[in-house]
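# Descriptive structure summary
Here's the letter readout for the chains.
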Amino acid sequence: MNVAMIIAGGRGARMNQDIPKQFLNICDKPVIIYTLQAFQAHPEIDAILAVCIDGWQEMLKAYAHQFNITKLKWVVTGGENGQESIHNGLAELEKYCHETDLVLVHDGIRPNVSQEIISGCIAECRLHGSAITVIPCVEAMLLRKEDSGKSGELIRRELLARTQTPQAFPLGKLLWAHQEAQRRGINGSTASCTLLVELGEEVYFCPGSEKNIKITTTEDMEIFKALLMAKKDEWLK
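We now turn to the structure provided with this report. Everything quoted here is computed from the prediction, not taken from an experiment.

### A look at the nonpolar core
Among the nonpolar cores identified, the biggest contains 30 residues, and Ile32, Leu36, Phe39, Ile45, Ile48 and Leu104 are the most heavily contacted of them. Looking at this core, the elements with two or more residues in it are strand E1 (2-8), helix H1 (31-41), strand E2 (47-52), helix H2 (57-66), strand E4 (102-107) and helix H4 (115-128). The next biggest cluster of nonpolar side chains, apart from the first, holds 29 residues, and it includes Ala47, Leu90, Leu195 and Leu199.

Printed below as a string of structure tokens:
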């Protein structure tokens, strides 16, 4: 079984909005619904679990019913950070899934994920046991000196990868990683890939896209709206 774990537990302080950013409406639809629809539409996704900000669980369920997200099977409450939110989702999946089932962890505020990215992530994880969606770094990269606005070191951009989601692992691997993190006192890792690397594990890459944006600012909202309009224009042709 392949399960999408959608992380929608953030408060979105950088958006300066009272409504969490994953519930903001864009073109008469909440951001989180665009994300859920992408996984709902994919034939290899069997079920969806959403990790939701506390107080918004019933709203999420209502939206899922309204937009016919039938694959949404579980809604759990988010934690204080990304690592804790993912851990909460894993604790729920452990009750119903096998340790060999694949879990695709995805940002709820990354609504423009394509079917091709999801397919590639699943295929890479089946092949190598992990799959981190990445895009190449095309900008010149400089290392900032600590407590300074200056840099004296160039980082070779061909050695860098910009991570996105989804990030896929067998359920058993993720459960081990979170248990091991607790044992070692690691509690602030920002993503599944960073947690695995902190634990000394290697992870494998699969292709992402510049269009697979994460909505964290009002500028990101405008970019997503433009991408939606571009899709509509494509359909009209």
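### Some details on the sheet that holds E4
On the basis of which strands lie adjacent, the open sheet formed by 7 strands has the order E3-E2-E1-E4-E8-E5-E9 and mixed pairing. One side of each edge strand has no neighbouring strand; the edge strands of this open sheet are strand E3 (72-77) and strand E9 (205-207). Going across the sheet, the axis of each strand differs from the next one's by a mean of 30°, ignoring polarity. In this sheet, E3 lies alongside E2 in parallel orientation, the contact comprising 5 bridges. Directly across from alanine 50, in E3, lies its bridge partner valine 75. Here H1 sits on the sheet in contact with E1, E2 and E4, set at roughly 175° to E1. H2 rests against E2 and E3 of the sheet, and its axis sits at about 165° to E3.

### Notes on the packing of helix H3 (residues 82-96) against helix H5 (residues 171-184)
At a minimum axis separation of 10 Å, H3 and H5 run at an interaxial angle of 130°. Judged by the inter-axis angle, H3 sits oblique to H5. Crossing of H3 over H5 shows left-handed handedness. Here Gln83, Ile86, His87, Leu90, Leu93 and Glu94 of H3 lie close against H5, whose contacting residues are Leu171, Leu174, Leu175, His178, Ala181 and Gln182. Class assignment of the residues belonging to the contact of H3 with H5 gives a composition of 7 nonpolar, 4 polar and 1 charged.

### A closer look at H1
Within H1, 9 of the 11 residues are buried, leaving the element largely enclosed by the surrounding structure. Of the positions making up H1, those classed as buried are Val31, Ile32, Ile33, Tyr34, Thr35, Leu36, Ala38, Phe39 and Gln40.

What counts, and where the lines are drawn
- Residues numbered from 1 in each chain as written.
- Predicted model: local features only at pLDDT ≥ 70, side-chain atom pairs only at ≥ 80, totals over all residues.
- Heavy atoms only, no water.
- Core = buried A, V, L, I, M, F, W, Y, C linked by side-chain atoms within 4.5 Å.
- Buried < 20%, exposed > 50% of the residue type's maximum accessible area, 1.4 Å probe, protein only.
- Helix = DSSP H or I, 4+ residues; strand = E, 2+ residues; numbered from the N terminus.
- Pairing = 2+ DSSP bridges.
- Axes fitted to C-alpha atoms, helices over the stretch in contact; angles between N-to-C directions.
- Contact = heavy atoms within 4.5 Å.
- Parallel < 35°, antiparallel > 145°, perpendicular 65-115°, else oblique.
- Left-handed = near helix turned anticlockwise from the far one by under 90°.
- Nonpolar A, V, L, I, M, F, W, Y, C, P; charged D, E, K, R; others polar.

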